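# Structural characterization, general
Here is what each chain is made of, one letter per residue.
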Amino acid sequence: MTPSPSVEPRKTNLLTDTDHLSPEPASATDLRPVSQEETGSRSDRQSFSGKREAEPDRKERNDRIGSVESSDLVKPVGLIQPSAQPLLSVRGLQKHFPVRSALGRRTGSVQAVNDVSFDIYPGETFGLVGESGCGKSTTGRAVMNLIEPTGGEVWYEGQDLAKLKGARLKNMRSNIQMVFQDPYTSLDPRRRIGYAIEEPLHIHRRGSKNERTERAMSLLERVGFRPDQYYRYPHEFSGGQRQRIGIAKALALEPKLLICDEPVSALDVSIQSQVINLLEEIQQERGLSYLFVAHDLSVVRHIADRVGVMYLGGLVEQAPTDELFGNPLHPYTQSLLSAVPIPNPRVKKERVVLSGEVPSPLNPPSGCTFHTRCPFAMDVCRSVVPERVQASPGHEVQCHLYAT
Ligand SMILES: Nc1ncnc2c1ncn2[C@@H]1O[C@H](COP(=O)(O)OP(=O)(O)OP(=O)(O)O)[C@@H](O)[C@H]1O
């Protein structure tokens, strides 16, 4: 099941050996949105610094997907039926948070995530986008089991995580790690950073004290620090450096899947490209899969192989990245993408502005939850939840406009 390690690292690398604790140098122009006109297809993509590079990723990723041993995997029932076995399968995921009165009586529930299904394949990045409050982070946390889902299933390597107990669950969980949004709060200010990186190894009783320290030092080196910086404290590092430490910590248990919850949104624009490039290099080296949660569409367009769009707790559309950005089908996706600026004055783009506010997840609209803001809403949209429709291979949309 281990993905092939024979993937060459990318040529463009913003982190060099001389980068230890240096003020992070990437320019602010690194993080501009990249238009289709500029780049052609994503298969001809550039590094996040905008420099052109060798293009090993898509084909090699497909090769890796094709090489997965699948005989011992159980495939959950779902709409998506791709040829390779997914590393992670999420089916009908639901998370409702109870709302209680001051006296503790349950008065309702926040429907943060509703019937969300997607797969993540070995070595690929699945991006999750949508407006603030649509349920992206809750989805990531429920997959990781940091919060218990109220419904649905999460399958990892063909095993239903809800059915695992004790040591098997602990072992399985070590394969899924998280990179958090805020590098300022995700590290304990009283602990040396080396200890922070070692902590997961300690919890999972991996190796001797010396072995753990050695591993922490080597991970520090991998993310661009000197091994002796093991003894420093988080406050001695900048935001981008702390995020790199957070990535080293997430790698300590050698996971196969990283859930990256807005990993760059708390960083200066000039630093974001360093962290994105590091994540991409590590993915290439280790064949990692990412669930990449972000609201910045240009970041997701750059890093993701496939993208899912969330609206009010539901996944309304998902498709390969080029397909989603080139041919968005759901009216919400069309509106979301129309807000992304194209840095080319000759390209005219029509902005699709939605009317009204996002409804409350405490009391979501009946039928299609988007009907209250949809410019194409029909009678059926107000009462009937749309089916998921496969518009083209791998392109799913949940909208009555595409009902068969
Ligand atoms: N612990 C909680 N208790 C009650 N409601 C919650 C809780 N956590 C999240 N929510 C609600 O669930 C909904 C989805 O929140 P979530 O943080 O997943 O959205 P998001 O898309 O990640 O937003 P953002 O991009 O702002 O982080 C929101 O309405 C939020 O207020």
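Reading the values: rules and limits
- Here the residue index of a chain counts from 1 through its sequence in written order.
- Under the rules for a predicted model, residues below a pLDDT of 70 receive no local features and side-chain atom pairs below 80 are neither given nor counted, while totals for whole chains, interfaces and linings still include all residues.
- The helix count covers DSSP runs of H or I at least four residues long, the strand count covers runs of E at least two residues long, and both are numbered beginning at the N terminus.
- To sort residues by burial, count the other C-beta atoms lying within 10 Å of each one's C-beta; a count of 20 or more means buried, 12 or fewer means exposed, and anything in between means partly exposed. C-beta atoms are built from the backbone.
- Whether two residues are in contact is decided by their C-beta atoms, placed from the backbone, lying within 7 Å.
- Joining buried Ala, Val, Leu, Ile, Met, Phe, Trp, Tyr and Cys residues through C-beta atoms within 7 Å gives a set, and that set is a nonpolar core.
- A strand pair is defined by DSSP finding two or more bridges across the two strands.
- Axis lines are fitted through C-alpha atoms, for helices just across the contact stretch, and the angle between N-to-C directions can take any value from 0 to 180 degrees.
- The labels follow the angle: roughly parallel below 35 degrees, roughly antiparallel above 145, roughly perpendicular from 65 to 115, and oblique for the rest.
- Less than a right angle of anticlockwise turn of the near helix away from the far helix marks a crossing as left-handed, whereas a clockwise turn marks it as right-handed.
- For each residue, a C-beta position is placed from the backbone atoms; the residue is near a molecule or strand when that point lies within 6 Å of it.
- Basically, the charged four are Asp, Glu, Lys and Arg, the nonpolar ten are Ala, Val, Leu, Ile, Met, Phe, Trp, Tyr, Cys and Pro, and anything else, Gly included, counts as polar.

### Comments concerning the overall build of the chain
The secondary structure content of the chain amounts to 12 helices and 12 strands. Residues counted as buried form 43% of the 404 residues belonging to the chain. Relative to all contacts within the chain whose residues are 6 or more apart in sequence, the contacts with residues 24 or more apart total 67%.

### Some words on the nonpolar core
Within the largest apolar cluster, 82 residues are counted, with the highest numbers of intra-cluster contacts made by Ile 197, Leu 220, Cys 260, Leu 291, Phe 292 and Val 300. In terms of residues, this core owes the most to one element, helix 8 (residues 269–286), which gives six residues. Excluding its chain neighbours within four sequence positions, the residues that come into contact with Leu 291 are Ile 120, Phe 126, Leu 128, Gly 140, Val 143, Leu 257, Ile 259 and Cys 260.

### A few points about the sheet that holds strand 2 (residues 106–120)
Strand order in the open sheet formed by four strands is 2-1-4-5, with antiparallel pairing between adjacent strands. Taken across any chain shown, the strands that pair with only one partner, and hence form the sheet edges, are strand 2 and strand 5 (159–160). Pairing of strand 1 (residues 88–100) with strand 2 involves 10 bridges; the strand directions are antiparallel. What sits directly across from His 96, in strand 2, is Gln 111.

### A few points about the packing of helix 5 (residues 193–203) against helix 7 (residues 239–251)
Helix-helix packing is described using two parameters, namely the angle between the two axes and the distance between the axes. It is the contact of helix 5 with helix 7, at a shortest axis distance of 7 Å, that shows an interaxial angle of 30°. Overall, the two elements helix 5 and helix 7 adopt an arrangement that is roughly parallel. Remark: the crossing between helix 5 and helix 7 carries right-handed chirality. Together, Ile 193, Ala 196, Ile 197 and Pro 200 of helix 5 and Ile 245, Ala 248 and Lys 249 of helix 7 make up the contact between the two elements.

### As for the site of the ligand
Taken together, 13 residues lie near the ligand, and Phe 97, Ala 112, Ser 132, Ser 137 and Thr 138 sit nearest. Counting residues per element, the ones that place at least two in the shell around the ligand are strand 2 and helix 3 (136–144). With three residues, the top contributor of residues to the shell around the ligand is helix 3. Looking at the shell around the ligand, its residues break down into five nonpolar, seven polar and one charged.

### Quick look at the pairing of strand 9 (residues 306–311)
Where burial is concerned, most of strand 9 is hidden: six out of the six residues are buried. By the alternation rule, side chains of strand 9 split into Arg 306, Gly 308 and Met 310 and Val 307, Val 309 and Tyr 311, which are all buried. Judged from the four bridges that link them, strand 3 (residues 125–129) and strand 9 form a sheet pairing that is parallel. Bridging from a neighbouring strand, Gly 127 pairs with Val 307 of strand 9. Sheet topology note: the strand 9/strand 10 (residues 314–320) ladder contains six bridges and is antiparallel. By the bridge assignment, Gly 308 is partnered in strand 10 with Gln 318.

### Concerning the sheet that holds strand 12 (residues 395–398)
Pairing within the open sheet is mixed, and its eight strands lie in the order 6-7-8-3-9-10-12-11. Whereas interior strands pair on both sides, the edge strands pair on one side only; in this sheet they are strand 6 (176–179) and strand 11 (388–392). Sheet twist, expressed as the mean angle between neighbouring strand axes with direction ignored, is 20°. Bridge count for strand 10 against strand 12 is two bridges, and the pairing is antiparallel. Across the sheet, Glu 317 pairs through a bridge with Val 397, a residue of strand 12. Across the sheet, helix 11 (residues 331–338) lies against strand 9 and strand 10, angled at about 105° from strand 9, the strand it touches most.

### Quick notes on the pairing of strand 3
Consecutive residues of a regular strand have side chains that alternate between opposite faces of the sheet. Among the five residues in strand 3, five count as buried, and that is most of the element. A two-sided burial pattern is seen for strand 3, the buried positions comprising Thr 125, Gly 127 and Val 129 on one face and Phe 126 and Leu 128 on the other. The pairing of strand 3 with strand 8 (residues 289–293) spans four bridges and is classified as parallel. Across the sheet, residue Leu 128 finds its bridge partner in strand 8, namely Val 293.

### Quick look at helix 11
Listing the buried residues of helix 11 in full gives Pro 331, Tyr 332, Thr 333, Ser 335 and Leu 336. Check the buried side of helix 11 and you find it contacts strand 9, strand 10 and helix 10 (321–326).

### Describing unusual backbone geometry
A positive phi angle, close to 50°, is found at Arg 205, a residue other than glycine. As for its position among the elements, Arg 205 is in the loop between helix 5 and helix 6 (209–222). Note on Arg 205: 7 C-beta atoms within 10 Å, which makes it exposed. For Leu 312, which is not glycine, the phi torsion reads 45° and is therefore positive. Note on placement: Leu 312 falls in the loop between strand 9 and strand 10.

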